[in-house]
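Residues per chain are reported as follows:
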Amino acid sequence: MSDQLLQAVQAGVQIVDLGRQLRVGMPQSPNHPQFWHTLPRRHGDMTRSDGGSAANDMITTGTHVGTHIDALAHVSHDGKLHGGVDAGQSCIGGKYVEHGVHTIAPMVRRGVLLDIPSLLGIGRCEGGYEITVADLEAAAGAEGVAVSEGDVVLIRSGWGQLFDEGQPYVGGPSGVPGVSEAGAQWLASKKVHAAGADTIAFEQLAPGGGHALLPAHRVLLVESGIYIIEALDLEELSARKQYEFTFVLVPLNIFGATGSPVRPLAVTNS
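Scope of this entry: the structure provided in the associated data block.

Criteria and thresholds
- Residues numbered from 1 in each chain as written.
- Predicted model: local features only at pLDDT ≥ 70, side-chain atom pairs only at ≥ 80, totals over all residues.
- Heavy atoms only, no water.
- Helix = DSSP H or I, 4+ residues; strand = E, 2+ residues; numbered from the N terminus.
- Rg over C-alpha atoms; globule rule 2.2 N^0.38 Å.
- Buried < 20%, exposed > 50% of the residue type's maximum accessible area, 1.4 Å probe, protein only.
- Areas by Shrake-Rupley, 256 points an atom, 1.4 Å probe, with all protein chains shown as cover.
- Lys, Arg positive; Asp, Glu negative; His and termini not counted.
- Charge placed at Lys NZ, Arg CZ, Asp CG, Glu CD.
- Arc of directions from axis to C-beta.
- Contact = heavy atoms within 4.5 Å.
- Salt bridge = Lys/Arg side-chain N within 4 Å of Asp/Glu carboxyl O.
- Pairing = 2+ DSSP bridges.
- Right-handed = clockwise from strand over helix to strand, strands pointing away.
- Patch = residues over 30% accessible without salt bridge, like charges linked within 9 Å, V, L, I, M, F, W, Y side chains within 5 Å.
- Axes fitted to C-alpha atoms, helices over the stretch in contact; angles between N-to-C directions.

1. A few points about the overall build of the chain
Of regular secondary structure, the chain possesses 7 helices and 15 strands. Here the C-alpha radius of gyration of the chain, 20 Å, is about what a compact globule of 270 residues would show, namely 18 Å. Within the chain, the fraction of its 270 residues that count as buried is 44%. Looking at the chain as shown, the accessible area adds up to about 12900 Å², and 51% of this sits on carbon and sulfur atoms. Looking at the chain, you have 17 positive and 28 negative side-chain charges, and the mean spots of the two groups are 5 Å apart.

In C-alpha cells, the structure reads:
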C-alpha cells in the first residue's frame, strides 16, 4: 500500500471534536439570525399500512451561529472586499459570487493551538483582555511550536468555558478576550490560512463595547484573505496539551453565502 495517509488512519487516530453542538437557544452574536430546529413530522403523525412511521426535521439558521467560518464576503471596508472587489457589485442576485463560502476549499492542514491561559497560569482570560503579540509569541515558544505559512492557528482564551451559560459567553458588559488589530497583523505576517478562537467574535471585545469595532476582521478577511473560525471548543485540546495536529474542516457548500456552520476536527496519531 502506497497511501501513507490511509496507512496512518488504519493504524488508528485520535479525533478531538472542536465544534459546538447546535441547540435552540445557544449563545450567539445578536447581529445574526438564531438557530431553530423543529420536527414537522413525528412518529405516529402518519403510520404506513405495515406499521412503519418516519419523523423528519426542519432547521432555520444564520450562517454565523454556533461554530462557524467567515468567508471573505463577510466583511468589507470602505466598500471593498478582499483584493479590492467592489462589495456592492459582487453581490449578484443576492449572492456573493467571488468571495462566498462556496469558494473555501475543504481544509486538511497543520493546526496549531496557542493556549494563552496555560501560558499565563490562569483558568481563563478575563473579559476584554487583549491577547497581545507577546502572548502569542510566548505561547508558541512555551509549547515548542512555530507558526508557519498555511497553518490554521487556534487561539484559546478559556472563554469557551462559559458557552453553556449563555449570555455571559456573549460578553456585553464584561467584554470578551481576544486578539486586537496588532495580534491580527501578527497572524497575517505569518501568512496563516485561517485563524480561530473559542469566542463569539474571535477578537477582543472591550467591556460594554459590543461589536461596534472589529479591526481584526478587517485585517484578516479584507486585507489578508485569511478565514476566521469562531465559537470553537478548545478545552479538550488544552487538557491534552495537544498543540500541533492535523486540522480538518469542510464548510457547507452554500453558493454565495458569507459563512457556514462547521464541525472542525483535530486529528492525531493514536
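2. Considering helix H3 (residues 133–143)
By the burial criterion, the buried members of H3 are Asp135, Leu136, Ala139, Ala140 and Glu143. For H3, the buried positions fall inside an angular range of 130° around the axis, keeping them on one side. For H3, the exposed residues lying more than 90 degrees away from the buried face are Ala134, Gly141 and Ala142. Buried residues belonging to H3 abut strand E7 (107–115), helix H2 (116–120), strand E8 (130–131), strand E9 (152–156), strand E10 (178–179) and helix H5 (181–189). Directly after H3, the chain includes Gly144, whose backbone phi takes a positive value near 75°.

3. Notes on unusual backbone geometry
Phi at Asp78 is positive, roughly 50°, even though this residue is not glycine. Relative to the helices and strands, Asp78 resides in the loop between strand E4 (68–70) and strand E5 (91–92). At Lys191, a residue that is not glycine, the phi angle is positive and equals roughly 60°. Of note, Lys191 is situated in the loop between H5 and strand E11 (194–197).

4. Side note on the pattern of salt bridges
For side chains of opposite charge, pairing can occur when their charged atoms come near one another. The full count for this structure, using the stated rule, is 10 salt bridges. Residues Asp151 and Arg110 are paired through a salt bridge, measuring 2.5 Å at the closest nitrogen-oxygen approach. Of the two residues, Asp151 sits in the loop between H3 and E9 while Arg110 sits in strand E7, which places them 41 residues apart along the sequence. Measuring nitrogen to oxygen at the nearest pair gives 3.0 Å for the salt bridge that ties Glu181 to Arg218. Taken as a pair, Glu181 in helix H5 and Arg218 in helix H6 (residues 215–224) lie far apart in primary sequence, 37 residues in all. Since its relative accessible area comes to 31%, Glu181 is described here as partly exposed. Via salt bridges that share partners, Arg110, Asp151 and Glu244 belong to a single interconnected network.

5. Notes on the environment of Val192
Within the secondary structure layout, Val192 lies in the loop between H5 and E11. Judged by its relative accessible area of 5%, Val192 falls in the buried class. Sequence separation between Val192 and Val152 is 40 residues; the distance between their C-alpha atoms is 6.1 Å. Excluding anything up to four places from it in sequence, Val192 contacts Val147, Ser148, Gly150, Asp151, Val153, Leu187 and Ile226.

6. As for the pairing of strand E12 (residues 227–230)
Along E12, one buried face is formed by Tyr227 and Ile229 and the opposite face, lined by Ile228 and Glu230, is buried too. As judged from the 3 bridges shared by E4 and E12, these two strands associate in the antiparallel manner. What sits directly across from His68, in E12, is Glu230. Direction of pairing for E11 relative to E12: parallel, over a ladder of 3 bridges. Bridge assignment links Gly196 to a residue of E12, and that residue is Ile229. On the question of chirality, the crossover connecting E11 to the parallel E12 by way of H6 is right-handed.

7. Let's talk about a nonpolar patch on the surface
Together, Leu5, Leu6 and Val9 line one region of the surface with nonpolar side chains, adding up to about 280 Å² of accessible area. By secondary structure assignment, the location of Leu5 is in helix H1 (residues 4–11).

8. Overview of the sheet that holds E11
Across the sheet, 9 strands lie side by side as E1-E15-E13-E7-E9-E11-E12-E4-E14; this open sheet has mixed pairing. Strand pairing shows two members of the sheet lacking a second neighbour, strand E1 (13–17) and strand E14 (259–261), which therefore form its edges. The sheet shows a mean angle of 25° between the axes of neighbouring strands, direction not considered. Relative to strand E15 (residues 265–269), strand E13 (residues 244–249) runs antiparallel, the two being bridged by 3 bridges.

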